[in-house]
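Here are the chains, one letter per residue:
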Amino acid sequence: MALTQTESWYLAESIKGETLMCQKLANYLNQVQDPELRKLVLEMQRSCQQHVDMLIGHIS
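Just so you know, these numbers come straight off a predicted model, no measurement behind them. (Residues numbered from 1 in each chain as written. Predicted model: local features only at pLDDT ≥ 70, side-chain atom pairs only at ≥ 80, totals over all residues. Heavy atoms only, no water.)

Student: I keep staring at the pattern of salt bridges and nothing clicks. Help me out?
Tutor: A pair can form between side chains of opposite charge whenever their charged atoms are brought close. Scanning the entire structure with this criterion turns up one salt bridge. Put simply, Glu-13 and Lys-16 hold a salt bridge, and the shortest N to O gap is 3.2 Å. One end of the pair is Glu-13 and the other is Lys-16, both in helix H1 (residues 5–31) and three residues apart, which spans about a single turn. By relative accessible area, Lys-16 is classed as exposed at 53%. (Salt bridge = Lys/Arg side-chain N within 4 Å of Asp/Glu carboxyl O. Helix = DSSP H or I, 4+ residues; strand = E, 2+ residues; numbered from the N terminus. Buried < 20%, exposed > 50% of the residue type's maximum accessible area, 1.4 Å probe, protein only.)

Student: Even after reading the chapter, I still don't get the packing of H1 against helix H2 (residues 35–57), so can you show me in this structure?
Tutor: Helix-helix packing is described using two parameters, namely the angle between the two axes and the distance between the axes. Between H1 and H2, whose axes approach to 9 Å, the crossing angle comes to 160°. Judged by the angle between their axes, H1 and H2 are roughly antiparallel. Handedness of the crossing formed by H1 with H2: left-handed. Counted together, Leu-11, Ser-14, Ile-15, Glu-18, Thr-19, Met-21, Cys-22, Leu-25, Ala-26, Tyr-28 and Leu-29 of H1 and Arg-38, Val-41, Leu-42, Met-44, Gln-45, Cys-48, Gln-49, His-51, Val-52, Leu-55 and Ile-56 of H2 form the full contact between these two elements. Of the residues in the contact of H1 with H2, the class split is 15 nonpolar, five polar and two charged. (Axes fitted to C-alpha atoms, helices over the stretch in contact; angles between N-to-C directions. Parallel < 35°, antiparallel > 145°, perpendicular 65-115°, else oblique. Left-handed = near helix turned anticlockwise from the far one by under 90°. Contact = heavy atoms within 4.5 Å. Nonpolar A, V, L, I, M, F, W, Y, C, P; charged D, E, K, R; others polar.)

Student: Can you walk me through the environment of Asn-30 in this structure?
Tutor: For Asn-30, the location among the structural elements is in helix H1. Looking at Asn-30, the relative accessible area reads 66%, which means it is exposed. A C-alpha to C-alpha distance of 20 Å links Asn-30 and Gly-17, two positions 13 residues apart in sequence.

Student: How should I be thinking about the nonpolar core in this particular structure?
Tutor: The nonpolar side chains of a soluble globular protein tend to be buried with one another. Judged by nonpolar contacts, Cys-22, Leu-25, Leu-29, Val-32, Val-41, Cys-48 and Val-52 together constitute the single largest core of seven residues. Counting only elements with at least two residues in this core, the list comes to H1 and H2. Excluding anything up to four places from it in sequence, Leu-25 contacts Val-41, Met-44, Gln-45 and Cys-48. (Core = buried A, V, L, I, M, F, W, Y, C linked by side-chain atoms within 4.5 Å.)

Structure, rendered in structure tokens:
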């Protein structure tokens, strides 16, 4: 089933937003010293990347 123009636009914007969040989390990860906080940020980054991968999967 083909996506409408609005759905395609929304999907592209969602991918941009999630990608930006992944980049920000990567930057935070480089700055965080506390091991527990690093673990949390890393988990958030992995989750964010999964969201990106899932959204990209809807394009195909």
